[in-house]
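One letter stands for each residue in the lines below.
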Amino acid sequence: MSKCKFDKVYVWDLELTNWPKETGKPREIIEIGIAVILLGEDFGVAQVDNILVRPEHGIDEATSELTGLSWNSLKGAMPLVGACNKLMRLHGALKRSHGTWGEDDVVLRKICAEKDIKYPFSNKHINIQTLFTLREGLTENASLEKAFDVYKLKMYGNQHTAAHDAYNTARIFRYML
């Protein structure tokens, strides 16, 4: 694999289905949001992208209510393999550091492995939630909303919209830098 570049950090977020256990349906990714932080002279959040992903088993009602996404909005979306390829092709995600609020990287790695899909990001992951927890001397991980309260910032957009959550996470990360 080629050397990692440190001119940008990709901050991303996942939204997943959450079927009741008794249905036997797996959790599936339905949305990937990306915010790109430029490092150096142009330091700032430069780009936001949102990729809808078509789940194989549809979408449960609770997830639909939480995210605002419906089967109608997802049935024309690309499958997960297409979304991962887009991340690698358009964003060069394999060559850059990336971060999430929490362990979305673990979730994506597991789902990609189960489906024999190449994980689209580098091994240079930053858990921004853990970084915030350490920086603020907290005893347990905090929500993204709590981070905004601590820094007296206003959240953008709607929570549980992957692009908005990625953008807000990027803002907190940028603030901490």
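Structure's up top.
Residues numbered from 1 in each chain as written. Predicted model: local features only at pLDDT ≥ 70, side-chain atom pairs only at ≥ 80, totals over all residues. Heavy atoms only, no water.

Colleague: I'm lost on the overall build of the chain in this one. Help?
Modeller: For the chain, the count of helices and strands is 7 helices and 5 strands. Computed over its C-alpha atoms, the radius of gyration of the chain comes to 16 Å, within 12% of the 16 Å expected for a compact globule of 177 residues. The principal-axis extent of the C-alpha atoms belonging to the chain is close to 45 × 40 × 25 Å. A total of 177 residues make up the chain; the buried ones form 47% of that total. Here the analysis covers contacts within the chain between residues at least 6 apart in sequence; of these, 64% occur between residues at least 24 apart. Looking at the chain as shown, the accessible area adds up to about 9500 Å², and 49% of this sits on carbon and sulfur atoms. (Helix = DSSP H or I, 4+ residues; strand = E, 2+ residues; numbered from the N terminus. Rg over C-alpha atoms; globule rule 2.2 N^0.38 Å. Buried < 20%, exposed > 50% of the residue type's maximum accessible area, 1.4 Å probe, protein only. Contact = heavy atoms within 4.5 Å. Areas by Shrake-Rupley, 256 points an atom, 1.4 Å probe, with all protein chains shown as cover.)

Colleague: What exactly am I supposed to notice about the packing of aromatic side chains here?
Modeller: Two aromatic rings are characterised by how far apart their centres lie and by the angle between their planes. In total, this model carries 6 aromatic pairs according to the counting rule given. Aromatic side chains tryptophan 12 and phenylalanine 121 sit 4.5 Å apart centroid to centroid with 5° between the ring planes, which places their arrangement in the stacked category. You can see tryptophan 12 sitting in strand E1 (residues 5–16) and its partner phenylalanine 121 sitting in the loop between helix H4 (104–115) and strand E5 (125–127), a full 109 residues away along the chain. The same class applies to tryptophan 12 as to phenylalanine 121, namely buried. Both rings, one in tyrosine 156 and one in tyrosine 167, keep their centres 5.2 Å apart while their planes meet at 75°; by these two values the pair is edge-to-face. Remark: tyrosine 167 occurs in helix H7 (residues 162–176) and tyrosine 156 occurs in the loop between helix H6 (144–150) and H7; sequence separation between them is 11 residues. Judged by its relative accessible area of 25%, tyrosine 167 falls in the partly exposed class. In this structure an aromatic cluster arises from ring pairing among Trp101, Phe132, Tyr151 and Tyr175. Across from the ring centre of tryptophan 19, 4.0 Å away, lies the NZ or CZ of lysine 25, which sits over that ring. The ring centre of tyrosine 119 lies 4.0 Å from the NZ or CZ of arginine 109, which sits over that ring. (Phe/Tyr/Trp six-rings, centres within 6.5 Å; stacked < 30°, edge-to-face > 60°. Lys NZ or Arg CZ within 6 Å of the ring centre and 35° of its normal.)

Colleague: What exactly am I supposed to notice about the environment of aspartate 165 here?
Modeller: Within the secondary structure, aspartate 165 sits in helix H7. Judged by its relative accessible area of 8%, aspartate 165 is buried. Residues aspartate 165 and isoleucine 117, 48 residues apart in the sequence, show an inter-C-alpha distance of 24 Å. Apart from the residues lying within four places of it in its own chain, the contact partners of aspartate 165 are Asp13, Glu15, Leu144, Asn158, Gln159 and His160. Within the local environment of aspartate 165, its side chain forms a polar contact with the backbone nitrogen of histidine 160, the two atoms lying 3.0 Å apart. (Polar contact = N/O pair within 3.5 Å; in protein donor to acceptor, adjacent residues only side chain to side chain.)

Colleague: Sorry, what's going on with the side chain of lysine 86 here?
Modeller: The residue lysine 86 is located in helix H3 (residues 80–91) in this model. Accessibility expressed as a relative area gives 18% for lysine 86, which makes it buried. Here lysine 86 is in contact with Asp49, Ile51, Met78 and His91, once residues within four sequence places are set aside.

Colleague: Even after reading the chapter, I still don't get the pairing of strand E4 (residues 96–100), so can you show me in this structure?
Modeller: Looking along a regular strand, one sees the side chains alternate between the two faces of the sheet. Across the 5 residues of E4, 5 count as buried, placing the element largely inside the fold. By the bridge criterion, 3 bridges tie E4 to E5 in an arrangement that is parallel. Within the sheet, the bridge partner assigned to threonine 100 lies in E5 and is asparagine 127. (Pairing = 2+ DSSP bridges.)

Colleague: Would you take a moment to explain the pairing of E1 for this structure?
Modeller: Summarising the sheet, E1 and E4 pair through 4 bridges and their orientation is parallel. Each bridged residue has a counterpart across the sheet, and for valine 11 the counterpart in E4 is glycine 99. Pairing of E1 with strand E2 (residues 29–38), which is carried by 9 bridges, proceeds in the antiparallel orientation. Bridging from a neighbouring strand, leucine 16 pairs with isoleucine 29 of E2.

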